[in-house]
Amino acid sequence: MSLREETLNTVDNRALLKSVLVVAGPIALQSLIASSLNLVDNLMIGALGELALNAVGVSVQLFFIYWMFVFGFASGTATFMAQFYGVRDFVNIRRTTGFALCVAFAMGVLFFLTAILFPQYVLRIFTKYPEVIAAGVPYIRTGALTFLLVPITQAFTVALRATQQTHLPLIASVAGLCTNTFMNYCLIYGHFGMPRLGIQGAALATVIARVVELSILLFFIFGRNNVIKGPLREFFSFGRELAARVFRNALPTTINETMWGLGTSLYIAAFARISITAGAAVQACNTINNMFSMAAFSVGDAVLILVGQKLGEGKKNQAYEMAWKMLILGIAVGLLLGGLTIAFGKPILGLFDFSAAGAADAWKILIVYAATLFLAVYNGTIVTGVLRCGGDTRFAMLTEVGTVWLIGVPLAFITSLILKWPIFLAVLAVKLEEAVKCIFLTRRFFSRKWLNNVIGGLGDDQDGQTKSN
């Protein structure tokens with residue numbers, strides 16, 4: 001019997017599934033609610049016409065790129081938080097959280113200044129239509145404050161998830177998203193005596209929602225006796241060694257997610273240059289696809305947290321077995337949600353104010369997304385879960401950035417602007433990068449080179465104190 005056959009009998013399937021549901025369930029629900037409310041937001045904006053929907057679609061790319069930076073750096077720090085939690089070292093969890101907050105906030109200031117001072121230049125990257133740029137500038141400037149709120153929210157969200165308190169970010173997120181939807185209704189159309197601001201109202205609603213979300217999250221941590229709670233100075237007392245090791249691990253994940261986000265934003269830039277209708281169709285399909293796919297990607301979060309804890313405890317065989325079984329679960333979830341995307345996609349698309357050509361394009365694009373969803377979830381689970389939980393972030397970065405920029409981005413522009421393929425065929429061509437990525441990631445998984453303990457030598461308090469709660 002091989003080593004893999006031996007280790008695949010040591011973890012109880014029922015217990016593993018229960019742990020996955022406890023950790024991933026709230027994350028999946030949070031993603032589903034967020035995507036559903038984002039769909040409602042897009043329907044509200046879409047009611048203003050294809051121009052408004054296209055303007056918001058290209059405007060949010062700046063926010064998306066920053067979000068991928070924050071997500072990437074937070075993912076790199078989550079590796080340490082999960083492994084520290086495996087040995088119940090809350091002091092270093094707080095220090096890692098503080099370090100993540102400092103780096104993400106510093107970058108947020110740069111994005112904030114860009115959004116305030118140069119929004120028109122940002123929009124020219126993603127669209128050639130002056131009317132789209134004119135509509136998008138107020139949206140970006142109004143929403144700029146979110147660049148200073150998101151890094152704080154995300155740093156503490158990762159810490160709560162790493163310590164298996166996934167229900168708390170869920171509650172805060174739901175409150176924020178409900179606020180966002182209500183304020184959108186008021187500010188886009190001018191209900192309840194509020195001004196009618198159009199798409200600028202959507203940006204202002206997002207800022208208000210982010211303030212609500214962050215306030216609730218901070219109350220849960222510092223207003224109650226949470227295990228993450230501690231003296232404020234402790235969050236910023238990270239020593240040079242901890243900061244250096246976290247940064248070395250997080251730098252590849254940050255480059256990975258930022259370059260992936262920038263690359264996928266360039267997909268939008270290429271598709272949006274086909275026509276305003278094509279850009280609107282892609283925006284609508286991305287919103288619907290996210291409603292199903294983001295819930296599936298919670299499997300990757302569960303892998304990072306649960307398998308990372310086993311690596312922190314030094315149990316590599318159990319970590320490998322858990323990761324293998326959760327990958328299979330991820331494929332099953334991806335297939336199921338791909339089917340649901342097809343089943344419910346057409347009725348949802350019918351809610352948008354599309355022309356006949358726009359509706360036809362959107363339905364074909366959505367079929368492409370649904371058919372390839374299982375592959376995207378499989379790849380995402382390996383990158384964000386398997387490789388990152390063991391600190392194998394450099395390989396993940398090289399694979400994702402390489403396939404997006406060497407395959408996806410060139411195909412997006414070649415098919416859209418040179419070959420002038422129909423929009424749905426251009427979207428399908430870009431999916432080739434997922435197929436190539438799958439080959440490299442699968443080989444890496446079976447090599448076991450990702451099974452690493454990254455916290456060795458950092459288990460003790462850096463000031464010589466004992467571990468504390």
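For clarity, every value in this text was computed on a predicted model and none was experimentally measured.

J.: Even after reading the chapter, I still don't get the pattern of salt bridges, so can you show me in this structure?
T.: Where side chains of opposite charge bring their charged atoms close, a pairing between them can arise. Under the counting rule described, the total for this entry stands at 11 salt bridges. We note a salt bridge from Arg-94 to Glu-234, for which the minimum N-O separation is 2.7 Å. Pair noted here: Arg-94 is in helix α4 (residues 90-117) and Glu-234 is in helix α10 (residues 232-235), with a separation of 140 residues, a long-range link. Each of the two residues, Arg-94 as well as Glu-234, counts as buried. We note a salt bridge from Lys-437 to Glu-400, for which the minimum N-O separation is 3.1 Å. Residue Lys-437 is found in helix α19 (residues 432-447), and its partner Glu-400 is found in helix α17 (residues 393-418); the two are separated by 37 residues along the sequence. Of the two residues, Lys-437 and Glu-400, both sit in the buried class. Connected through shared salt-bridge partners, Glu-400, Glu-433, Glu-434 and Lys-437 make up one network.

J.: Before we go on, may I ask you to explain the packing of aromatic side chains in this structure?
T.: What describes a pair of aromatic rings is the distance from one ring centre to the other and the angle between the planes of the rings. Tallied over the full model, the rule gives 27 aromatic pairs. Note on Tyr-85 and Phe-90: the rings are 6.1 Å apart at their centroids and 75° apart in plane angle, and the pair reads as edge-to-face. Judged on exposure class, the residue Tyr-85 and its partner Phe-90 are both buried. A ring pair is formed by Tyr-185 and Tyr-189, whose centres lie 6.5 Å apart and whose planes are at 70°; its orientation type is edge-to-face. Here Tyr-185 pairs with Tyr-189, and both are found in helix α8 (residues 167-189), just four residues apart, close to one helical turn. Ring pairing ties together the aromatic residues Phe-63, Tyr-66, Phe-69, Phe-111, Tyr-139 and Phe-147, which thus form one cluster. Between Arg-88 and the ring centre of Tyr-85, over which it is positioned, the NZ or CZ distance is 4.1 Å. The positively charged end of Arg-448 is found above the aromatic ring belonging to Tyr-320, 3.7 Å away from the centroid.

J.: I keep staring at the nonpolar core and nothing clicks. Help me out?
T.: A general tendency of soluble globular proteins is for nonpolar side chains to be buried together. If you look at the biggest cluster of nonpolar residues, it comprises 68 residues, and the most contacted ones within it are Tyr-66, Phe-271, Leu-349, Phe-354 and Ile-365. A total of 11 residues in this core trace back to one element, the largest contributor, which is helix α3 (residues 50-86). Counting residues in hydrophobic clusters, the runner-up holds 62 residues, among them Leu-101, Ala-162, Val-386 and Leu-441.

J.: Please explain a nonpolar patch on the surface as it appears in this structure.
T.: There is a patch of nonpolar side chains on the surface, built from Phe-105, Val-109, Leu-113, Ile-116, Leu-117, Phe-118 and Tyr-121 and spanning about 590 Å² of accessible area. Among the elements that line the nonpolar patch, the one with the most residues is α4, at five residues.

J.: When you look at the confidence of the model for the protein chain in this model, what are you seeing that I'm missing?
T.: For any part of a model where pLDDT is low, the fine detail of the predicted coordinates should not be relied upon. Counting all residues, the mean pLDDT for the protein chain is 87, and 94% of those residues have values of 70 or more. When mean pLDDT is taken per element in the protein chain, α19 scores highest with 96 and helix α1 (residues 3-7) scores lowest with 42. Across residues 1-8, confidence stays below pLDDT 50; counting only partners more than four residues off in sequence or on other chains, it has 14 contacts. Predicted confidence for residues 461-469 stays below pLDDT 50, and this span has 22 contacts to residues more than four positions away or in other chains.

J.: What is the right way to read unusual backbone geometry from this model?
T.: Note on backbone geometry: most residues besides glycine have negative phi, and most peptide bonds are trans. Of note, Phe-192 is a non-glycine position whose phi angle comes to about 55°, a positive value. Residue placement: Phe-192 occurs in the loop between α8 and α9 (199-222). A positive phi angle, close to 55°, is found at Lys-420, a residue other than glycine. Along the polypeptide, Lys-420 turns up in the loop between α17 and α18 (423-430). Taking relative accessible area as the criterion, Lys-420 reaches 63% and is therefore assigned exposed.

J.: Honestly, helix α11 (residues 240-272) in this entry has me stumped. Any pointers?
T.: Each α-helix turn comprises 3.6 residues. Residues three or four places apart therefore point the same way. The end-to-end C-alpha distance of α11, which contains 33 residues, comes to 45 Å, matching closely the 48 Å that a straight helix rising 1.5 Å per residue would cover. Along its length, α11 reaches its greatest deviation from straightness, about 30°, at Ala-250, and the proline Pro-252 lies no more than four positions downstream.

J.: How should the environment of Asn-180 be read in this particular structure?
T.: By the secondary structure assignment, Asn-180 is in helix α8. Of the residues examined, Asn-180 reaches a relative accessible area of 7% and is grouped as buried. Through-space distance from the C-alpha of Asn-180 to that of Asn-317 is 45 Å; in sequence the pair is 137 residues apart. Ignoring sequence-local partners within four residues, the contact set of Asn-180 consists of Asp-41, Ala-202, Ala-205, Thr-206 and Ala-209.

J.: Mind showing me how you'd approach the environment of Phe-238 here?
T.: With respect to the helices and strands, the residue Phe-238 is situated in the loop between α10 and α11. For the pair Phe-238 and Asn-54, spaced 184 residues apart in the sequence, the C-alpha separation amounts to 44 Å.

J.: What is the right way to look at the packing of helix α13 (residues 298-312) against helix α14 (residues 316-349) in this model?
T.: Two quantities define a packed helix pair, namely the angle between the helix axes and the distance between the axes. Axis separation between α13 and α14 bottoms out at 9 Å; the angle between their running directions is 170°. Overall, the two elements α13 and α14 adopt an arrangement that is roughly antiparallel. Between α13 and α14, the contacting residues are Val-299, Ala-302, Val-303, Leu-306, Val-307, Lys-310 and Leu-311 on the first element and Lys-316, Gln-318, Ala-319, Met-322, Ala-323, Met-326 and Gly-330 on the second. Of the residues assigned to the contact of α13 with α14, the class counts are 10 nonpolar, two polar and two charged.

Basis of the calculations
- Residues numbered from 1 in each chain as written.
- Predicted model: local features only at pLDDT ≥ 70, side-chain atom pairs only at ≥ 80, totals over all residues.
- Heavy atoms only, no water.
- Salt bridge = Lys/Arg side-chain N within 4 Å of Asp/Glu carboxyl O.
- Helix = DSSP H or I, 4+ residues; strand = E, 2+ residues; numbered from the N terminus.
- Buried < 20%, exposed > 50% of the residue type's maximum accessible area, 1.4 Å probe, protein only.
- Phe/Tyr/Trp six-rings, centres within 6.5 Å; stacked < 30°, edge-to-face > 60°.
- Lys NZ or Arg CZ within 6 Å of the ring centre and 35° of its normal.
- Core = buried A, V, L, I, M, F, W, Y, C linked by side-chain atoms within 4.5 Å.
- Patch = residues over 30% accessible without salt bridge, like charges linked within 9 Å, V, L, I, M, F, W, Y side chains within 5 Å.
- Areas by Shrake-Rupley, 256 points an atom, 1.4 Å probe, with all protein chains shown as cover.
- pLDDT = per-residue confidence, 0-100.
- Contact = heavy atoms within 4.5 Å.
- Expected span 1.5 Å × (residues − 1).
- Bend = angle between axes of the 7 residues up to and from the residue.
- Axes fitted to C-alpha atoms, helices over the stretch in contact; angles between N-to-C directions.
- Parallel < 35°, antiparallel > 145°, perpendicular 65-115°, else oblique.
- Nonpolar A, V, L, I, M, F, W, Y, C, P; charged D, E, K, R; others polar.

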